[in-house]
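Now for the letters of each chain:
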Amino acid sequence: MDGGVPGREVAHGGELMRGAATDANVSSGANAAFADPRKEFDRKAVCGDPEQVNGSVKSGLSKADNFDTLQVGMASFHPKVGGAALYKNVF
């Protein structure tokens, strides 16, 4: 918690991730970058209009989906094709 305000970590998540990329660059000479996609996905996530992120996916499961534990597929809560395009717009 940041100052005891619920959700504040989320509000500052972009800055934290940008700082992590900078730290990686400084400490290891990496060429990491961070692009914050939250504005692109505003009102387009699960149940958005248009929905660009999968909700809970229970069809087309494979052995890698660990079905016994989660009972949802790996595509759950990951971008759809249109969502991948939204990520592209950020870069």
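Conventions used here
- Throughout this description, residue numbers start from 1 for each chain and increase along the sequence as written.
- Owing to the predicted nature of the model, reporting of local features is limited to residues with pLDDT of at least 70; listing and counting of side-chain atom pairs is limited to 80 or more, with chain, interface and lining totals taken over all residues.
- Calculation of side-chain values draws on the structure's entire complement of heavy atoms; hydrogens and water are dropped beforehand.
- Numbering of helices and strands runs from the N terminus, with a helix taken as a DSSP run of H or I at least four residues long and a strand as a DSSP run of E at least two residues long.
- Any residue under 20% of the maximum accessible area for its type is buried, any over 50% is exposed, and the rest in between are partly exposed; the area is computed with a 1.4 Å probe on protein chains only.
- Contact between two residues is taken to exist if any of their heavy atoms lie within 4.5 Å; hydrogens are not considered.
- Where accessible areas are quoted, they stem from the Shrake-Rupley method and a 1.4 Å probe; at the residue level, only the protein chains shown are allowed to cover.
- Expected helix span is computed as 1.5 Å times (number of residues minus one).
- Basic side-chain nitrogens of Lys or Arg form a salt bridge, by our definition, when they fall within 4 Å of a carboxyl oxygen of Asp or Glu.
- As a per-residue measure, pLDDT tells how confident the predictor is, with possible values from 0 to 100.
- We define a polar contact as two N or O atoms separated by no more than 3.5 Å, with the added condition that, inside protein, one atom must be a possible hydrogen donor and the other a possible acceptor, whereas residues neighbouring each other in sequence contribute only through side-chain atom pairs.

A. Examining the overall build of the protein chain more closely. A count of helices and strands for the protein chain gives five helices and zero strands. Secondary structure elements of the protein chain occur, N-terminal to C-terminal, as α-α-α-α-α. Sorting the 91 residues of the protein chain into buried and exposed places 18% on the buried side. Long-range pairs, those at least 24 residues apart, make up 36% of the contacts in the protein chain between residues at least 6 apart in sequence. Summed over all atoms, the accessible surface of the protein chain reaches about 6800 Å², with 57% contributed by carbon and sulfur.

B. Spotlight on helix H2 (residues 13-28). The terminal C-alpha atoms of H2, which comprises 16 residues, lie 22 Å apart, in line with the 22 Å expected from a rise of 1.5 Å per residue. Of the residues flanking the end of H2, it is Gly-29, one or two places downstream, whose phi is positive at about 75°.

C. The pattern of salt bridges, seen in detail. Counted by the stated rule, this structure contains two salt bridges. Here Asp-36 makes a salt bridge to Arg-38, at a shortest N to O gap of 2.5 Å. Across the pair Glu-51 and Lys-80 runs a salt bridge whose closest N-O atoms are separated by 2.8 Å. Note that Glu-51 is positioned in the loop between helix H3 (38-41) and helix H4 (67-70) and Lys-80 in the loop between H4 and helix H5 (81-90), a separation of 29 residues in sequence. Judged by its relative accessible area of 30%, Lys-80 is partly exposed.

D. Quick look at the confidence of the model for the protein chain. When pLDDT is averaged across the protein chain, the result is 81; 77% of the residues are at 70 or more. Within the protein chain, the element-level pLDDT minimum falls on helix H1 (residues 8-11), averaging 50, and the maximum on H5, averaging 92. Overall, residues 1-5 carries pLDDT values under 50, and its contacts beyond four positions in sequence, including any with other chains, amount to five contacts.

E. Expanded view of the side chain of Ser-76. Structurally, the position occupied by Ser-76 is in the loop between H4 and H5. Of note is the side chain of Ser-76, whose polar atom sits 2.7 Å from the backbone nitrogen of Val-57.

F. Representation of the environment of Lys-39 within the structure. Within the secondary structure, Lys-39 is located in helix H3. With relative accessibility at 79%, the residue Lys-39 sits in the exposed group.

G. Fine view of the environment of Ser-62. Checked against the element boundaries, Ser-62 lands in the loop between H3 and H4. With 11 residues separating them in the primary sequence, Ser-62 and Gly-73 have C-alpha atoms 7.8 Å apart.

H. Seen up close, unusual backbone geometry. For the bond running from Asp-49 to Pro-50, omega is 5°, close enough to zero to count as cis. Mapped onto the elements, Pro-50 comes out in the loop between H3 and H4. Located in the positive-phi region is Cys-47, a residue other than glycine, with phi close to 70°. Mapped onto the fold, Cys-47 is located in the loop between H3 and H4. You will see that Phe-77, though not glycine, has its phi angle at about 60°, which is positive. Looking at the element boundaries, Phe-77 is found in the loop between H4 and H5. Since its relative accessible area comes to 55%, Phe-77 is described here as exposed.

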